[in-house]
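# Secondary and tertiary structure notes
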Amino acid sequence: MPITHKTPLLDELEKGPWPSFVTDLKRAAEEGGSDTANDLLGQLELSYVQKVGHWKHGGIVGVFGYGGGVIGRYTDVPHLFPSVEHFHTMRINQPASKFYSSDQLRTLADIWDKHGSQITNMHGSTGDIIFLGCRTEALEPCFADLTAHGFDLGGSGSALRTPSCCVGKARCEWACLDTQDITYNLTMTYQDEMHRPAWPYKFKFKTSGCPNDCVASIARADCSIIGTWRDDIRINQDEVKNYAESGLDIQQYVIDLCPTKCISYEDGEIQIDNKNCTRCMHCINVMTKALRPGTDTGATILIGAKAPILEGAQMGVSEWES
């Protein structure tokens, strides 16, 4: 169907080298026949013109038995854009590390084509498969189809948010723990805390397999679980020599950049004062063939930190678990 709204300001967002969400919305409207995407473009253009947001929160809306997983949203100009009169967001719990089979993705797409707007976000900043644009009367049928295929809603509001993790041992050689197993067990254990908000604020678990912290758990979670080691970094001195012979300036790019100055480089060999190592991973990331994490692996757990919105502690207190 043709787009019925003129969008000169949104069209500007399609210019330049980067992919644009505007292009995706136009494709959903034109090729997918989504009335919701069509009116969403019109309302967003109006917001750009008037410099006013036209979404209002219409109170609590959700599925039977759950207090979370659905974010209610309505337009305050339904007479102009009737297809986004209801525009609720459904958060769907993603598999650990966000690994999908093609069949799973097709199933999700088919369910959303049937019940919603066709607009998705893979994934939200918390995690979650995001279904954008569901009418109130479609929430229960959509939820029923999701659960029939093994999917569940994630967390929203003043609840435990959907636990998430990095790819862990499935694909990363640095992983010191099984991030998928931890995330699955957290999700199964704390179902009630995810689906029935009872807290004054949200709470997040995020798990990283190594101190590189690829899910940015320290910055984004209230409980960070980070894989680490407590013995010595393994050193292959033959590979150290290969790096030097290949032209790497080990002194400049490794030794001088160590935050605790616990590495020395003399006579073609690296020595590490491991008791002063903070596990920052920099030397290992630069010299991947020469340096590797130790073998006595476990987790550092950081509690607290990011619960306050603007003020408060910005880094959690750590505890080691073997």
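Notes on the structure follow. (Residues numbered from 1 in each chain as written. Predicted model: local features only at pLDDT ≥ 70, side-chain atom pairs only at ≥ 80, totals over all residues. Heavy atoms only, no water.)

Within the protein, the regular secondary structure consists of 11 helices and 15 strands. By principal-axis analysis of the C-alpha atoms, the protein measures approximately 75 × 45 × 45 Å. Within the protein, the proportion of its 322 residues that are buried is 43%. Within the protein, residue pairs in contact and separated by at least 24 positions form 63% of the contacts whose partners lie at least 6 positions apart. (Helix = DSSP H or I, 4+ residues; strand = E, 2+ residues; numbered from the N terminus. Buried < 20%, exposed > 50% of the residue type's maximum accessible area, 1.4 Å probe, protein only. Contact = heavy atoms within 4.5 Å.)

What follows covers the packing of helix 4 (residues 102-115) against helix 5 (residues 139-148). Running from N to C, helix 4 and helix 5 point in directions that differ by 165 degrees, and their axes come no closer than 10 Å. If you check the angle between helix 4 and helix 5, you find them roughly antiparallel. Our pair here, helix 4 against helix 5, has a crossing hand that is right-handed. Taking contact as the criterion, the partners of Leu-108, Ile-111, Trp-112, Lys-114 and His-115 in helix 4 are, on helix 5, Pro-141, Cys-142, Asp-145 and Leu-146. Considering only residue class, the contact of helix 4 with helix 5 consists of 6 nonpolar, 1 polar and 2 charged. (Axes fitted to C-alpha atoms, helices over the stretch in contact; angles between N-to-C directions. Parallel < 35°, antiparallel > 145°, perpendicular 65-115°, else oblique. Left-handed = near helix turned anticlockwise from the far one by under 90°. Nonpolar A, V, L, I, M, F, W, Y, C, P; charged D, E, K, R; others polar.)

With that settled, the discussion passes to the pairing of strand 9 (residues 223-229). Two faces make up the sheet, and in a regular strand the side chains alternate between them. Summarising burial for strand 9: 7 of the 7 residues are buried, a large majority. Alternating positions in strand 9 separate into two faces, Cys-223, Ile-225, Gly-227 and Trp-229 on one and Ser-224, Ile-226 and Thr-228 on the other, with burial throughout. Two strands pair when backbone bridges link them, and strand 8 (residues 205-208) and strand 9 are joined in this way by 4 bridges, in the parallel orientation. If you follow Thr-207 over to strand 9, its bridge partner there is Ile-225. The pairing of strand 9 with strand 14 (residues 297-303) spans 7 bridges and is antiparallel. (Pairing = 2+ DSSP bridges.)

Here we come to the sheet that holds strand 6 (residues 127-134). Spatial ordering of the open sheet is given by 2-4-6-5, a layout of 4 strands whose pairing is antiparallel. At either margin of the open sheet sits one strand with a lone partner, and together these are strand 2 (70-71) and strand 5 (119-124). Pairing of strand 5 with strand 6, which is carried by 5 bridges, proceeds in the antiparallel orientation. Note that in strand 6 the partner of Ile-119 across the bridge is Leu-132. Of the strands in this sheet, strand 2, strand 4 (88-92) and strand 6 touch helix 5, which is tilted by about 15 degrees from strand 4.

So, about the nonpolar core. One recurring pattern in soluble globular proteins: nonpolar side chains tend to sit buried together. Ile-233, Ile-250, Ile-263, Ile-284, Met-287 and Leu-291 are the most contacted members of the largest nonpolar core, which has 22 residues in total. Secondary-structure elements contributing two or more residues to this core are helix 9 (237-245), helix 10 (250-255), strand 12 (269-272) and helix 11 (282-286). Counting residues per element, this core draws most heavily on helix 10, at 3 residues. Membership of the second largest hydrophobic core comes to 20 residues, among which are Val-70, Tyr-74, Leu-108 and Phe-151. (Core = buried A, V, L, I, M, F, W, Y, C linked by side-chain atoms within 4.5 Å.)

The relation between two aromatic rings is expressed through the spacing of the ring centres and the mutual angle of the planes. By the definition in use, this model includes 6 aromatic pairs. Between the aromatic rings of Tyr-190 and Phe-205, the centroid separation amounts to 5.9 Å while the plane-to-plane angle is 25 degrees, which identifies the pairing as stacked. In this pair, Tyr-190 sits in the loop between helix 6 (179-189) and helix 7 (191-195) while Phe-205 sits in strand 8, placing the two residues 15 residues apart along the sequence. You can call Phe-205 buried: its relative accessible area is 12%. Their ring planes at 70 degrees and their centres at 5.4 Å tell us that Phe-203 and Phe-205 sit as a pair that is edge-to-face. Three or more aromatic residues link up through ring pairs in this structure, and these residues are Tyr-190, Trp-199, Phe-203 and Phe-205. (Phe/Tyr/Trp six-rings, centres within 6.5 Å; stacked < 30°, edge-to-face > 60°.)

Right, let's talk about the pattern of salt bridges for a bit. Within this structure, the stated rule accounts for 12 salt bridges. Close ionic contact of Glu-137 with Arg-135 constitutes a salt bridge, the shortest N to O distance being 2.7 Å. Owing to a relative accessible area of 30%, Arg-135 belongs among the partly exposed residues under this scheme. The shortest N-O distance in the salt bridge between Arg-292 and Glu-173 comes to 3.2 Å. A residue pair is termed long-range when its members are at least 10 positions apart, and Arg-292 in strand 13 (residues 291-292) and Glu-173 in the loop between strand 7 (164-165) and helix 6 qualify at 119 residues. For Glu-173, a relative accessible area of 51% corresponds to the exposed category. Taken together, the shared-partner salt bridges connect Asp-11, Glu-14 and Lys-26 into one network. (Salt bridge = Lys/Arg side-chain N within 4 Å of Asp/Glu carboxyl O.)

This part is about the environment of Asp-39. One can find Asp-39 in helix 3 (residues 35-50). Separated by 42 residues in sequence, Asp-39 and Phe-81 have C-alpha atoms that sit 5.2 Å apart. With residues up to four places along the chain from it excluded, the contact list for Asp-39 reads His-5, Phe-81, Pro-82, Ser-83 and Val-84.

Residues Leu-9, Leu-13, Phe-21, Tyr-48 and Val-49 make up a contiguous nonpolar surface patch of roughly 430 Å² in combined accessible area. Turning to its location among the elements, Val-49 is positioned in helix 3. (Patch = residues over 30% accessible without salt bridge, like charges linked within 9 Å, V, L, I, M, F, W, Y side chains within 5 Å. Areas by Shrake-Rupley, 256 points an atom, 1.4 Å probe, with all protein chains shown as cover.)

Another point: the pairing of strand 11 (residues 263-266). Pairing analysis gives 4 bridges linking strand 11 to strand 12, with the strands arranged antiparallel. Opposite Tyr-265, over in strand 12, you have Ile-270 as the bridge partner. In textbook terms, the turn of a hairpin is the stretch between consecutive antiparallel strands, and for strand 11 and strand 12 this stretch comprises 2 residues, one of which, Asp-267, has a positive phi near 55 degrees.

Limitation: the analysis is restricted to geometry and does not speak to function.
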